[in-house]
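Observations on the model geometry
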Amino acid sequence: MAFINYSKREIQLKIVYYGCALCGKTTNLIKLHSGINSTQKGELVSLATDADRTLFFDFLSLSTQTLPGFDTRFQLYTVPGQPVYNTTRQLVLKGVDGIVFVVDSHWDKMEENVESFANLQENLIENHLSMAQIPYVIQYNKRDIENPAPLEYLEFTFNNRATQSLTFEASAYTGEGVLDTLNGVARLLLAKYSKSAGNKATKQ
Amino acid sequence: MTGIGMLSVEDQMAIESHIKDFLVKSESQWGALVDRGGNLFAENGDIGQVDLMIMCALAAGSFAATKELAKRLGEGEFTALYHEGSNMSILMTSLHFDCLLITVFTGNTNIGLVRFYAQQTAGTLNQCLLSASESAANAEPLLLDAEYSGDQNIIS
Amino acid sequence: MASNFLGLFGKKKEEVLAPQASPTLSPPVEEAKPKSPPSGLIGLPQGRKRVTQRLSLKGLQESGKIAPDPTKIQLPSAVAPARAVPEPVEVDGTVDIPFSIILNSIPEQLLVADHATLLVHPEVMVQIGLPLSHVLSMLPSGKLEFSLSDLVGAIPAGFVQPLENIPDYAQTPISLPLAEVFRRIPPHLLALRSDQRPVDAAVKNMVDPFSREALEKAQAEAKEKAVEADTQFAVEAEPAPELNPEPIPELVMEESVPEYAPIPEYMAPSFEAPVEPDFDPVMLAEAEAALAAVEARKAGVELPNVYDPILPPPPAYSATYQQEEAHQETPISEPSAEANAWAFPVSGQAEEAAADSEPEMDPALVEWARKMAQEESAAQSGEPQLSEPELPPYGEEETNLGNDLNSSLAQEEAVNPDDVVPPPAPAPGAFEVNKIGMFDALNAPTRPIRKPKSQPQPPEIKGFGSFNIVEKSQEIVTPVPSYTDPSALPEEFDQATPELEPETEDSTQMEPVGSINLSSPASSAPLLSPRIRLSPTINRYLSLDENAEISFADVMNHVRRWPGVSGCVITGKDGLPISAVVDDVLFSKSLSAFAPKIVARVSELFVDLGMPEVQEIHVPMDDVSTFLFREADVYFILLYKEASLPQWYRKVIKAVLEEIATRHK
């Protein structure tokens, strides 16, 4: 849940990178950590196994000053993708403000991608949330592989809902598209606090 | 959602004051009020060069991770978690509104004393959180003039 | 998985050829009529495209026919997991894929031969039409699956084993390669829904929070700062280079500083050279002698009859106290002239002073000394001393925090002068005041000694036997025997069975330690051994079965029932209660939390004073007094209704505490 601290003039937003196992969630954070200036980022914490499989979550804190008068702090989390860690994913989703759904572009990972997306919806319901409430973007990762699934299929499969989502092609391994994805979800979240975005100053 | 969406200046100062009192009485080193999602609400004390954001995220995660353990024992969730180190220890106390009171202390004090005062402070902070929650519910949503590029007249 | 293929696998088209013989080299057989499917299965579609070309495979000709593999078949799992059936999309048509792709997806165990053998057959190039509606409905699931029975009706016969032989595998889902199927779907069928709401334009047009320009700018600023920091460091490290700037013009003051005019004589101060003061030669000699004495002392040489500026050792307090005791009951007259004998004299002079004026020995003192001597000889002979330790003689206001001289001195003004007993005459060898006067501060006024008020009698404890209270004791505390050695304890302890107070329902016992859900290893120690085995003697003290293994709760319950006890707590150094019996649970928790801290703080102060650590703290109060005992890292807190604790209680508590601390380190 977004938190506004009027004393410190700070807005804290939580973004969770979600997706099937080995789709590139942790790689996204690693690339962001290496690419962003040290004054804007915190330490990257990774609770993982020896084989670098996320065990609990990865965490990275980034700050920026997009909104006038307020520091915006984005807290990025990743979840473990393996099916056995479903409970952990529910815990990490607690208080989420925005989601980046990472899709593995391998053909033979499509079934896992779809199951992960369904699992995301289920876990949001467990946290008394829904996809309609939580802004999310979709990252089609691993576009650099040989014979990736075409965009038409991916859009047809993952972005054919009532509301169109922002989608980004990326190759987290090379860093391409990683920052664009983050900017996309950040814009989505900050638009909530923007007058020009059609928000009305009415009581909640 | 049961968390607190915003904290006014008055609420922030009140909470920090209570935390400070608690630290003095319990002779603890650092105290913080965070929510279960890892957001840091208020803190007081000195914890050195440790990244506070990471501390809060890990503490919230640690608390959440034991939820299943508690369920297996028939508890909804644990009301407190204590991790003891050879020099530094940490106590996490559950509060209302999905919040936690995190206390870090050294061997100069003892868990009994810290826990004793933490329970007292928890009651006080719950009152503060109730007040903050009511303020947040009645507050106007935050709307600012964000920066835009290109044609700003494009509205769908 | 598609379940209804009746008439869906392509309509019967005009160009469909008449059924031909099967592509095997077995004797021509009639086209296998579609048999009625087993119950629950859907009928197979009619009509399919066929290749008219007759196959001729040498290998197969030799064998005659493609016979099923006679070896034991290891089939895949028969029953497919229950899956949601997607609603078919209302789209006509089929998507045609080569039969070879389907064949590759079917497990070999369900085929009549292995893949390599069958794939060379020309009929594998036959195009199989998959119903488009079902394919489109399955696309969003990320997989394309058809049941074996559905496929068998659409593919050329003779490649899959007869379903009668593998009835359990009829519903086995066969997953077709998504990529191969997808690239054959007309693109216009993959359009997104027309009613989809687009992304908010404000979101699209908002400036990126982490734009490349902003990042580059921030990186450049950080780099500049780093360079500045390095440059500054370098500048500080290296000497500044010599510069040759333009000569700075000399600054000329408009008004020069005037020289001081000479002071006229009448105003000149008359400074006189300091004159050495005339010292008293006697004092000077004495001072020199004192300095010499200091030097000599350092050298280890004793110089008698020299004024020793170094403080002599304080007088023996015990001896002084003995004298006080001796004069407790003597009538008080006027202060004796020997009152000043309290001051600390210098060695050497004392003997002369004593020799000059021998004080008269007080007969009471003599009598007392005789009694002491008797007792001492009795103690040495091994007779047990059954004396209850004397209560402090300072009356009810006495605080048991050691000899609180301040409190007794503060009460001097309120003391009835008739009760004031002059201090006894100094014993031979006592010190006298120093003539120099360096010890004037030590010539404290006479410290009056108040007669004690009626001493409180120890409580009667049935079965305890009679006490033989020594009226005057040399020491405040009786020697403490070794508690672990039962033989060292007097017999009366063995027989002691104090009348315990009945258990009351008001006493609230602390929750057992096992209910504390903290992960502290310190607090978990008692959980491992909730029942402690104390020595049999202590079990007897507690009136429990000698060989019984008792719990902390048993100990607490028993102590709680002692007369006058209103509560007791055992706690560890972590401040968490191990066991407690206190009416107010919250109070017991706070006692546990504070006990280690209180003892630690007081101990710190005492250690700073050069004294040992505190093991007991007694806090008498009006209603309930608190007594803290410590042994190693275990603390015992006792709440007692009187200001002073019976020694028996104290000893048993200390014994129990020592036992616990020793056995459960």
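Residues numbered from 1 in each chain as written. Chains lettered and ligands numbered in written order. Predicted model: local features only at pLDDT ≥ 70, side-chain atom pairs only at ≥ 80, totals over all residues.

**What about the sheet that holds strand β9 (residues 616-619) of chain C?**
Residues and elements named next belong to chain C. On the basis of which strands lie adjacent, the open sheet formed by five strands has the order β8-β7-β11-β10-β9 and antiparallel pairing. Both edges of this open sheet fall to β8 (577-582) and β9, since each of them pairs with a single strand only. In this sheet, adjacent strand axes meet at a mean angle of 10 degrees when their direction is disregarded. Judged from the seven bridges that link them, strand β10 (residues 625-631) and strand β11 (residues 634-640) form a sheet pairing that is antiparallel. Its bridge partner being in β11, Arg630 is matched across the sheet by Tyr635. (Pairing = 2+ DSSP bridges. Helix = DSSP H or I, 4+ residues; strand = E, 2+ residues; numbered from the N terminus. Axes fitted to C-alpha atoms, helices over the stretch in contact; angles between N-to-C directions.)

**A short note on the sheet that holds strand β2 (residues 30-35) of chain B**
All names here are of chain B. Taken in spatial order, the five strands make up an open sheet running β3-β2-β6-β5-β4, and their pairing is antiparallel. In the strand order of this sheet, the two ends are held by β3 (40-45) and β4 (80-83), each with one partner. Direction aside, neighbouring strands of the sheet carry axes that sit 15 degrees apart on average. By the bridge criterion, six bridges tie β2 to strand β6 (residues 99-106) in an arrangement that is antiparallel. The residue of β6 that forms the bridge with Val34 is Leu100. Strand contacts of helix α1 (residues 9-26): β2, β3 and β6, with the helix running at about 40 degrees to β3, the strand carrying the most contacts. (Contact = placed C-beta atoms within 7 Å.)

**Examining the interface of chain B and chain A**
The interface is formed by 34 residues belonging to chain B together with 36 residues belonging to chain A. Those elements that place two or more of their residues in the side of chain B that touches chain A are β1 (6-7), α1 and α2 (52-65) of chain B. The element contributing the most residues to the side of chain B that touches chain A is α2(B), with seven residues. Its residues assigned to classes, the side of chain B that touches chain A comprises 18 nonpolar, nine polar and seven charged. As paired strands, strand β1 (residues 3-5) of chain A and β1(B) are joined by two bridges and run parallel to one another. Within β1(B), the position partnered with A:Asn5 by the bridge is B:Leu7. (Nonpolar A, V, L, I, M, F, W, Y, C, P; charged D, E, K, R; others polar.)

**Structural notes on the nonpolar core**
The nonpolar side chains of soluble globular proteins are, as a tendency, buried together. A:Val16, A:Phe101, B:Leu33, B:Val34 and B:Leu100 are the most contacted members of the largest nonpolar core, which totals 143 residues. With 11 residues, the top contributor of residues to this core is helix α4 (residues 111-138) of chain B. The contacts of B:Leu33, once residues within four sequence positions are left out, are B:Ile15, B:Ile19, B:Phe41, B:Ala42, B:Cys99, B:Leu101 and B:Leu125. Core analysis: the second largest hydrophobic core is formed by 38 residues, C:Tyr541, C:Val582, C:Val634 and C:Val656 among them. (Core = buried A, V, L, I, M, F, W, Y, C linked by C-beta atoms within 7 Å. Buried ≥ 20, exposed ≤ 12 C-beta atoms within 10 Å, placed from the backbone.)

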